[in-house]
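The chain contents come next:
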Protein chains: 2
Amino acid sequence: MRAAVIATGAELVAGLVKESNSNFIARELSEVGIELVNIFICGDQKESIKQNINYARQAADLIFISGGLGPTKDDITKVAFAEELGIEMTYSAEIEKSLVKFFKKTQSEISENNFSQAYLPAGAEILENRHGTAPALKFTAQGKQFYLLPGVPIELKSIFNKQIKADLVSLTENKFLSQEFNFIGIGESTLAAEIEKLKLDQRLIISYQAGRGEVKLRIKFNSKNNYAAEQIGQQLIKNATEIIKDKFSTYLYSFDDQDIVDIVAKTLQEQGLTIAAAESFTGGTLAERLTAKAGSSGFFKGSVVAYTKELKNKLLKINNKLLDKYGTVSKQCAEKMAANVANILETSIGISATGAAGPDPLEGHPAGTMFVAIYYQGEIRSWKLEKSYGRSLNRFYASQFLFLELKNLLTKIKEEDKLCLKK
Amino acid sequence: MRAAVIATGAELVAGLVKESNSNFIARELSEVGIELVNIFICGDQKESIKQNINYARQAADLIFISGGLGPTKDDITKVAFAEELGIEMTYSAEIEKSLVKFFKKTQSEISENNFSQAYLPAGAEILENRHGTAPALKFTAQGKQFYLLPGVPIELKSIFNKQIKADLVSLTENKFLSQEFNFIGIGESTLAAEIEKLKLDQRLIISYQAGRGEVKLRIKFNSKNNYAAEQIGQQLIKNATEIIKDKFSTYLYSFDDQDIVDIVAKTLQEQGLTIAAAESFTGGTLAERLTAKAGSSGFFKGSVVAYTKELKNKLLKINNKLLDKYGTVSKQCAEKMAANVANILETSIGISATGAAGPDPLEGHPAGTMFVAIYYQGEIRSWKLEKSYGRSLNRFYASQFLFLELKNLLTKIKEEDKLCLKK
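Keep in mind that this is a model prediction, so the values were computed, not measured.

**Student:** Sorry, what's going on with the sheet that holds strand 12 (residues 252–254) of chain B here?
**Tutor:** Strand pairing in a sheet takes place through backbone hydrogen bonds and is either antiparallel or parallel in direction. Residues and elements named next belong to chain B. Read from one edge of the open sheet, four strands run 10-11-9-12, paired in antiparallel fashion. Two strands lie at the open edges of the sheet, namely strand 10 (205–211) and strand 12, each paired on one side alone. Strand-to-strand twist in this sheet, taken as the mean axis angle between neighbours without regard to direction, amounts to 30 degrees. Of the pairings in the sheet, the one linking strand 10 to strand 11 (residues 214–222) comprises seven bridges and is antiparallel in character. From the neighbouring strand, Y208 faces strand 11, where its bridge partner is L217. Taken strand by strand, helix 2 (residues 21–32) contacts strand 9 (176–183), strand 10 and strand 11, and its axis lies near 130 degrees from that of strand 9.

Shown next, in the form of structure tokens:
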């Protein structure tokens with residue numbers, strides 16, 4: 001079973017409105033294991049809609065068409081559909097009745113235009129629309145199933161959930177099992193090359209997606225709704241997950257679409273730990289990302305953004321001798337910043353970032369030379385990062401990397417706590 | 001000239017990612033008066049991409065294809081394109097060279113996979129991609145123009161703006177004259193109602209677009225490349241611009257797609273002024289936005305994010321009596337924060353923000369009660385903002401508002417300087 005979605009509307013191709021119905025339908029279809037092969041977005045000219053219905057029929061057996069069911073002149077989806085499939089239009093007394101009822105209920109005046117909504121392709125089944133006047137239609141012809149849906153997202157969603165979803169399960173033989181992995185600190189191509197070396201079972205479908213300062217890996221298995229195959233698929237995914245976890249433990253930070261800061265924030269709260277940041281080139285990014293989370297006052301106390309050497313000395317109490325000897329773009333400076341900010345702001349953890357974000361070099365270090373550090377209970381760890389993603393992504397990447405290492409540290413603390421409790 | 005967009009990627013038809021490139025291209029085409037007739041979204045199977053290229057060729061003469069130019073196995077747009085158009089693939093030494101350079105610069109390891117990016121359809125023109133390794137391609141065949149673009153939005157946008165936009169103007173008979181206005185501190189519907197009252201010339205096309213913490217207004221005139229009409233259009237737009245400038249001077253901050261912080265940063269640099277921030281609920285947003293700009297070390301010294309009452313006292317030297325009397329969510333606290341941070345960090349200007357970002361109330365003030373202040377040469381101005389945009393947008397909006405008022409102050413300083421020079 002292959003599906004296609006056609007979204008119609010002049011506002012969509014003019015860029016005035018971001019089309020969102022197709023994404024909703026895509027996610028719903030994916031849930032039940034129906035493959036969506038194509039989305040078509042076109043304006044509201046009849047010929048264009050007909051052409052897109054034609055494309056969709058070539059590509060798929062299950063076709064959703066959204067938009068153009070309203071009462072105005074540009075609402076001609078039903079006519080285009082009937083013409084393309086060679087069906088007559090008929091007047092539905094049933095729809096007329098429900099229109100009259102709707103307008104009575106909303107105490108608004110019914111216009112001539114509204115009655116145009118009572119015409120429908122002969123043989124179409126009416127799906128009730130509780131949120132608007134445009135009824136949705138279901139139509140089966142030539143072995144293909146069509147759904148004509150209103151373009152207003154709330155109306156489409158409600159009809160889909162209440163009157164279509166249940167139909168779909170019976171339409172598919174597929175059932176996809178899948179597992180997602182999110183990585184920081186490893187590039188898409190390196191990850192792909194490493195995954196290839198693992199020689200995972202060939203029945204697994206592997207895909208990658210690069211995000212901002214992170215990479216997503218997804219493994220999928222099509223069990224075709226077969227119980228035995230499902231058992232095999234679950235086992236294959238479980239095995240692959242173990243292998244991937246084992247191989248990439250330092251880069252892998254979550255199995256779903258979470259923000260790394262959410263994980264860090266949650267763990268800090270659970271562990272009753274507090275944190276402060278000392279920032280140079282990240283210029284507030286660390287603090288901004290931590291405080292973006294509701295409830296951050298429970299673990300975040302504050303941050304010092306010391307952009308100049310003078311302020312690193314004045315606000316963060318870093319010895320001028322150290323600053324003169326190693327410079328501000330140094331491991332030594334990053335480590336002192338992390339330790340001192342934790343000390344001054346009286347927090348359990350201190351994190352820091354200092355370096356050259358770019359575009360220009362700093363103190364003889366090329367743009368993208370960045371030092372980050374984490375202080376916890378008298379111990380300091382630091383990392384040198386060398387990237388050339390450009391100023392903005394360099395800054396963001398450094399924060400991603402720092403939060404990843406913070407997550408790794410917090411996991412370790414949690415495990416040690418558990419050990420202590422056992423003892 | 002009719003255009004079509006094809007967006008490819010398994011994540012798009014699976015509903016995992018909301019496709020956004022087509023909307024960006026749609027808006028850009030609309031700007032120059034090119035009609036976008038169809039958007040096609042498909043997965044990353046070669047046959048499917050070929051089929052969609054075929055559809056697009058039937059519908060349009062100008063075709064944009066996004067996605068599938070990366071180094072992994074599922075990146076096969078170029079091959080699909082070459083096959084569909086019957087072109088050979090060739091190896092580009094030029095791309096290889098730039099790949100080697102890119103990886104050398106980023107000091108990351110180049111994998112075999114990466115070299116697959118050096119293959120391209122024979123005769124394609126290479127468009128440089130400054131944000132990634134995948135070069136974009138331009139190809140003209142059979143009277144049709146194709147652009148193959150990377151799927152990562154930031155890469156696509158940058159290539160489009162720098163290397164494609166100028167091409168498009170020559171492709172259309174329409175000629176739109178337009179003027180953009182950017183506002184902060186006034187809502188879209190209020191703005192629209194006020195603009196309506198102005199009764200601007202009916203030949204002008206007026207549109208609005210709500211952004212993050214700002215509203216864009218655009219007035220357009222289609223001169224259809226006719227000289228006389230163009231003269232009229234220019235006059236109409238000039239008149240309307242004067243009226244709008246006059247009416248909305250406090251909210252209007254720019255006439256193009258500039259970030260308010262760019263204007264502030266540039267003026268601070270020109271005036272030789274320095275700035276520091278004291279932040280509570282914005283949690284680093286003010287500092288982060290200022291330091292996002294290259295060259296910010298020329299005017300930005302640092303910021304203190306004091307999330308707790310204790311740190312407002314300890315780091316920002318705010319009297320505990322004041323904090324106890326008025327609370328941290330107060331005009332008095334905001335004003336002291338701005339003045340003290342300028343004093344401690346020895347800058348010309350101090351800005352501050354304190355309040356309840358949400359979702360919870362704070363010190364008896366509902367979420368969205370926010371105070372911001374600006375200190376300059378012994379004078380302090382402060383504002384109370386009451387919004388209920390939700391935590392994230394509340395924070396951002398406060399920063400927008402503060403930068404707008406900072407811009408207004410800097411404009412005043414600049415004008416006074418000019419007056420002094422004249423005297």
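**Student:** How do you make sense of the domain arrangement of chain A when you look at a structure like this?
**Tutor:** Where interface size is given, it is often the accessible area lost as the parts come together that is meant. Residues and elements named next belong to chain A. Parsing chain A into structural domains produces domain 1 (2–169), domain 2 (176–254) and domain 3 (260–422). Of note, the centres of domain 2 and domain 3, computed from C-alpha atoms alone, are 31 Å apart. Residue-level contacts link 11 residues of domain 2 with 11 residues of domain 3. Overall, the association of domain 2 and domain 3 removes approximately 910 Å² of surface from exposure, summing both partners, and the carbon and sulfur fraction of that is 58%. Where domain 2 packs against domain 3, one counts zero salt bridges. For the interface between domain 2 and domain 3, the tally reads four residue pairs in polar contact (both at pLDDT 80 or more). Here the side of domain 2 that touches domain 3 gets three residues from one element, more than from any other, and that element is strand 12 (residues 252–254).

**Student:** What's the story with helix 14 (residues 331–344) of chain A in this structure? I'm lost.
**Tutor:** Helical periodicity: at 3.6 residues per turn, an α-helix aligns residues three or four positions apart in one direction. Residue and element names in this part refer to chain A. End to end, helix 14 covers 20 Å across 14 residues, agreeing with the expected 20 Å (1.5 Å per residue, within 8%). Burial of helix 14 is extensive: 10 of the 14 residues sit out of reach of the surface. Residues C333, A334, E335, M337, A338, A339, N340, V341, A342 and I344 constitute the buried set of helix 14. After helix 14 finishes, the residue E346 shows a positive phi value of roughly 55 degrees.

**Student:** Honestly, the nonpolar core in this entry has me stumped. Any pointers?
**Tutor:** Where a protein is soluble and globular, its nonpolar side chains tend to be buried together. In terms of nonpolar packing, the biggest core is built from 64 residues, with F81(A) and F81(B) touching the most fellow members. Those residues in contact with F81(A) that lie beyond four places of it in its chain are I53(A), I65(A), I87(A), P121(A), F139(A), F146(A) and L148(A). Counting 50 residues, the second-largest nonpolar core is a separate cluster that includes L156(A), V13(B), F160(B) and L168(B).

**Student:** Please explain the packing of aromatic side chains as it appears in this structure.
**Tutor:** To describe a pair of aromatic rings, one takes the distance between the centres and the angle between the planes. Taken as a whole, this structure holds 30 aromatic pairs over all chains when the rule is applied. Measuring from centroid to centroid gives 5.7 Å for F181(B) and F255(B), while their planes differ by 70 degrees, and the two rings are edge-to-face. Taken together, the residues F181(B) in strand 9 and F255(B) in the loop between strand 12 and helix 10 (260–271) connect sequence positions 74 residues apart. What makes F181(B) buried here is its relative accessible area of 0%. We classify F255(B) as partly exposed; its relative accessible area is 35%. An aromatic cluster of at least three residues, connected via ring pairs, comprises F24(A), F64(A), Y147(A) and F160(A). For the cation-ring pair, R212(B) lies above F396(B), with the distance from its terminal atom to the ring centre recorded as 4.5 Å.

**Student:** Explanation requested: the pattern of salt bridges in the structure shown.
**Tutor:** Pairing of side chains with opposite charge becomes possible as their charged atoms draw close. The tally for this structure, following the rule as stated, stands at 48 salt bridges over all chains. A salt bridge links D259(B) to R289(B); the shortest N-O distance between them is 3.1 Å. On the criterion of sequence distance, the pair formed by D259(B) in the loop between strand 12 and helix 10 and R289(B) in helix 11 (residues 285–291) is long-range, its members being 30 residues apart. Of the residues examined, R289(B) reaches a relative accessible area of 9% and is grouped as buried. Each of the salt bridges in this network shares a partner with another, and the network as a whole consists of K46(A), E47(A), K50(A) and E83(A).

**Student:** Would you take a moment to explain the pairing of strand 9 of chain B for this structure?
**Tutor:** Successive side chains on a regular strand alternate, one facing one side of the sheet and the next facing the other. All names here are of chain B. With six of eight residues buried, strand 9 is to be regarded as a mostly interior element. When strand 9 meets strand 11, the two strands line up antiparallel, connected through eight bridges. In the strand pairing of strand 11, Q179 is matched with I219. Sheet topology note: the strand 9/strand 12 ladder contains two bridges and is antiparallel. The residue bridging F183 from the neighbouring strand is L252, located in strand 12.

Cut-offs used in this document
Sequence order as written defines residue numbering, which begins from 1 separately in each chain. Lettering for chains starts from A, numbering for ligands starts from 1, and both go in the order in which the items are written. Reporting of local features is limited, given that this is a predicted model, to residues whose pLDDT is at least 70; pairs of side-chain atoms are given and counted only at 80 or more, and all residues count toward the totals for whole chains, interfaces and linings. No hydrogens and no water enter the side-chain calculation; it runs on all heavy atoms of the structure. When DSSP finds two or more bridges between a pair of strands, those strands are recorded as paired. For helices the rule is a DSSP run of H or I covering at least 4 residues; for strands it is a run of E covering at least 2, with both sets numbered from the N terminus onward. Between N-to-C directions, angles cover 0 to 180 degrees, with each direction set by a line fitted to C-alpha atoms, over the stretch in contact for helices. Any two residues whose heavy atoms approach within 4.5 Å at even a single point are treated as in contact. Domain extents, as shown, originate in an automatic or database domain assignment. By definition, the buried area sums, over both parts, the 1.4 Å-probe accessible area that each loses when the two are put together. Salt bridge, as used here, is a side-chain nitrogen of Lys or Arg placed within 4 Å of a carboxyl oxygen of Asp or Glu. Under this definition, polar contacts are N or O atom pairs within 3.5 Å; protein pairs additionally need one hydrogen-donor-capable and one acceptor-capable atom, and for neighbouring residues in sequence, both atoms have to be side-chain atoms. Helix span is expected to be 1.5 Å times the residue number reduced by one. Each residue gets one of three labels from its accessible area relative to the maximum for its type: buried under 20%, exposed over 50%, partly exposed in between, using a 1.4 Å probe on protein chains only. Buried Ala, Val, Leu, Ile, Met, Phe, Trp, Tyr and Cys residues that are joined via side-chain atoms within 4.5 Å together make up what is termed a nonpolar core. Paired rings are identified among Phe, Tyr and Trp, the last through its six-membered ring, by centres lying within 6.5 Å, and are further divided according to the angle between planes into stacked (under 30 degrees), edge-to-face (over 60) and tilted (the rest). Whether a charge sits over a ring depends on NZ of Lys or CZ of Arg being within 6 Å of the ring centre and within 35 degrees of the ring normal.

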